[in-house]
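Descriptive analysis of the structure
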Amino acid sequence: MKMSKKIIAVAIAGALLFTGAALKYTPVVQAVTQSEINELKGQADDISGQIDSLQADIDALASDKTQTLEKKALYDEQCALIEEQITNTQAQIDEYNGLIEQAQKELEAAEKAEEEQYELMCTRLRSMEENGSVSYWEVIFAATSFTDMLSRIDLVSSVAANDEEIIDEYQQLQKETQARKDELTEYLGEAEDAKEEL
């Protein structure tokens, strides 16, 4: 709206200049008085003032245009940074997906190892149950000689150490499985956070 008013003002100023110029070059049949000349000079000054005003408006618009171009450049830069941020976030998500996949494989391996160890422990317990509950002391005191007793002590120690190792390994595998589950949960949460940033 403001721009169309300026265009109209420029058109009026041009028409007045044209009219003033036409009057200036038209031979005057009447006698020209000083007051008419002063009036025309006043009109010329008004027109010059309007032209100056329009030029100031044009200059202001040119300044606004420069500011608009500067703003556009800043917006373009901001858009480029946002696109870079989106690309970065997508790369993070891809990395998290890789970590999640790796953690799932590790979790599956840990669960399988835990299950195998559990089966070994169950087999050992089943074997002990099928063979009856014999205490280690009974095995040692059933020895027929001192050498046999030492051999039995070695055997009992070895079996006890083996049983303890089976139980310790099973407990360690349980901890490792839980750690893999926690790690997977953490990666899933971080990936979800990264997705929400998009």
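Residues numbered from 1 in each chain as written. Predicted model: local features only at pLDDT ≥ 70, side-chain atom pairs only at ≥ 80, totals over all residues. Heavy atoms only, no water.

Points about the overall build of the protein chain
Counting secondary structure elements, the protein chain contains 4 helices and 0 strands. Secondary structure of the protein chain in N-to-C order comes out as α-α-α-α. When the 198 residues of the protein chain are sorted by exposure, 13% land in the buried category. With the model as given, the accessible surface of the protein chain reaches about 15400 Å², and the carbon-plus-sulfur share is 57%. (Helix = DSSP H or I, 4+ residues; strand = E, 2+ residues; numbered from the N terminus. Buried < 20%, exposed > 50% of the residue type's maximum accessible area, 1.4 Å probe, protein only. Areas by Shrake-Rupley, 256 points an atom, 1.4 Å probe, with all protein chains shown as cover.)

Comments concerning a nonpolar patch on the surface
A surface patch of nonpolar side chains, amounting to about 280 Å² of accessible area, comprises F146, L150 and I153. Mapping I153 onto the fold places it in helix α4 (residues 146–197). For I153, a relative accessible area of 31% gives the class partly exposed. (Patch = residues over 30% accessible without salt bridge, like charges linked within 9 Å, V, L, I, M, F, W, Y side chains within 5 Å. Salt bridge = Lys/Arg side-chain N within 4 Å of Asp/Glu carboxyl O.)

Here's the deal with the pattern of salt bridges
Scanning all chains against the criterion turns up 3 salt bridges. One salt bridge connects E101 with K105, and the closest N-O pair in it is separated by 3.6 Å. One end of the pair is E101 and the other is K105, both in helix α2 (residues 34–130) and 4 residues apart, which spans about a single turn. Exposure remark for K105: the relative accessible area of 51% places this residue in the exposed category. One salt bridge in this structure joins E183 and R180, with 3.7 Å as the shortest N-O distance. Taken together, the residues E183 and R180, both in helix α4 and 3 residues apart, mark about one turn of the helix. Salt bridges here are not isolated pairs; linked through shared partners, they connect E106, R180 and E183.

Section: a negative patch on the surface
Negative charge collects at one region of the surface, where E108, E111, E115, E116 and E119 lie side by side. Positionally, E119 belongs in helix α2. (Lys, Arg positive; Asp, Glu negative; His and termini not counted. Charge placed at Lys NZ, Arg CZ, Asp CG, Glu CD.)

Remarks on the packing of aromatic side chains
Under the definition given, this model contains 1 aromatic pair. Between Y118 and Y170, the ring centres sit 5.6 Å apart and the planes meet at 40°, which makes this aromatic pair tilted. Linking Y118 in helix α2 with Y170 in helix α4, this pair joins segments that are 52 residues apart in sequence. Under the relative-accessibility criterion, Y118 is labelled partly exposed at 39%. (Phe/Tyr/Trp six-rings, centres within 6.5 Å; stacked < 30°, edge-to-face > 60°.)

Topic: the nonpolar core
Within the largest apolar cluster, 7 residues are counted, these being Y96, I100, A103, L107, L184, Y187 and A191. Elements with a contribution of two residues or more to this core: α2 and α4. The greatest single-element share of this core, amounting to 4 residues, is contributed by α2. For I100, the residues in contact, after removing those within four places along its chain, are L184, Y187, L188 and A191. (Core = buried A, V, L, I, M, F, W, Y, C linked by side-chain atoms within 4.5 Å. Contact = heavy atoms within 4.5 Å.)

Examining α4
Relative to the 76 Å expected for 52 residues at 1.5 Å per residue, α4 spans 76 Å between its end C-alpha atoms, a close match to the ideal helical length. Every buried residue belonging to α4 is among V156, D163, I166, Y170, L173, T177, L184, Y187, A191 and A194, and all of these are buried. (Expected span 1.5 Å × (residues − 1).)

Section: the side chain of T177
Examined against the element boundaries, T177 turns out to sit in helix α4. One polar contact links T177 to E114, side chain to side chain, over a distance of 2.9 Å. (Polar contact = N/O pair within 3.5 Å; in protein donor to acceptor, adjacent residues only side chain to side chain.)

As for the confidence of the model for the protein chain
When pLDDT is averaged along the protein chain, the result is 75; 73% of the residues meet or exceed 70. Of all secondary-structure elements in the protein chain, the lowest mean pLDDT belongs to helix α1 (residues 2–25), at 51, while α4 reaches the highest, 84. Across residues 21–32, confidence stays below pLDDT 50; counting only partners more than four residues off in sequence or on other chains, it has 2 contacts. (pLDDT = per-residue confidence, 0-100.)

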